Amino acid sequence: MIRKAKREDAQGIAEVHVLSWHETYTGIVDKTFLNTLDLDERVERWEIILAMDTSIVFVAEIEGKIVGFSSGGKERSSLPYDGELYAIYVLKEAQKQGLGKQLVQAVEEALKRENYKQMLVWVLQENKSRQFYKSLGGVKKEETTLSIGNKTHIEEGYVFSLTTS
């Protein structure tokens, strides 16, 4: 089940956030950085995000347990896109069930309702999930470098059109 996140979901979202980073980025991102991810700090951060209600946040649940989330809103840099998918994470145990696609679509639909025309998402070049964004219609239009811990990575920006032509 996909639903809009509530303030009391901060703990579950933070747990998915931290665990997904370990599941997705071990072997890609600096191990020291991964070991510094702090669940309590993430819970606090998500409590603030959900209380401010300035981002669009959805959760995926299986049997009452949050197993994934997505968030989006206004594009955060000066690139020529108005919307952005800030984050999408689904625990490995819940992948390959269509939840990721539903989470992306939930943010897309919310942005469309607010008259956004495009949605940008950034993904590390080493992340196999790049294919996921391509399969949903994302087109690679941007590339930049990003430092995480002691390593520099190439990050690719995929853009989705939110208008029907």
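Here we summarise the structure given alongside this text. Just so it is clear, the structure is predicted and the values come from calculations on it, not from any experiment.

## Describing the pairing of strand β4 (residues 83-90)
Of all 8 residues making up β4, 7 are buried, and the element is well covered by its neighbours. Note that strand β3 (residues 65-74) and β4 share 7 bridges and pair antiparallel. Bridged to serine 71 within β4 is alanine 87. The sheet contact formed by β4 and strand β5 (residues 118-124) spans 2 bridges and is parallel. When the bridges of β5 are listed, glutamate 84 appears paired with leucine 120. In this fold, β4 hands off to helix α4 (residues 99-113), which returns the chain to β5; that crossover is right-handed.

## A closer look at α4
Under the 1.5 Å per step criterion, the end-to-end length of α4 is 21 Å for 15 residues, consistent within 8% with the ideal 21 Å. Considered for burial, the residues of α4 that qualify are Leu99, Gly100, Leu103, Val104, Ala106, Val107, Glu108, Ala110 and Leu111.

## Considerations on a negative patch on the surface
Taken together, the side chains of Asp38, Asp40, Glu44 and Glu47 present a region of like negative charge at the surface. Relative to the helices and strands, aspartate 40 resides in helix α3 (residues 39-52).

## Considering unusual backbone geometry
One can expect most non-glycine residues to show negative phi and most peptide bonds to be in trans. Positive phi is not limited to glycine here, since aspartate 53 has a value of about 55 degrees. Relative to the elements of secondary structure, aspartate 53 occurs in the loop between α3 and β2 (56-62). Residue class for aspartate 53 comes out exposed when judged on its relative accessible area of 54%. Located in the positive-phi region is asparagine 115, a residue other than glycine, with phi close to 65 degrees. With respect to the helices, strands and loops of the structure, asparagine 115 is situated in the loop between α4 and β5.

Criteria and cut-off values
Residues numbered from 1 in each chain as written. Predicted model: local features only at pLDDT ≥ 70, side-chain atom pairs only at ≥ 80, totals over all residues. Heavy atoms only, no water. Buried < 20%, exposed > 50% of the residue type's maximum accessible area, 1.4 Å probe, protein only. Helix = DSSP H or I, 4+ residues; strand = E, 2+ residues; numbered from the N terminus. Pairing = 2+ DSSP bridges. Right-handed = clockwise from strand over helix to strand, strands pointing away. Expected span 1.5 Å × (residues − 1). Patch = residues over 30% accessible without salt bridge, like charges linked within 9 Å, V, L, I, M, F, W, Y side chains within 5 Å. Areas by Shrake-Rupley, 256 points an atom, 1.4 Å probe, with all protein chains shown as cover. Salt bridge = Lys/Arg side-chain N within 4 Å of Asp/Glu carboxyl O. Lys, Arg positive; Asp, Glu negative; His and termini not counted. Charge placed at Lys NZ, Arg CZ, Asp CG, Glu CD.

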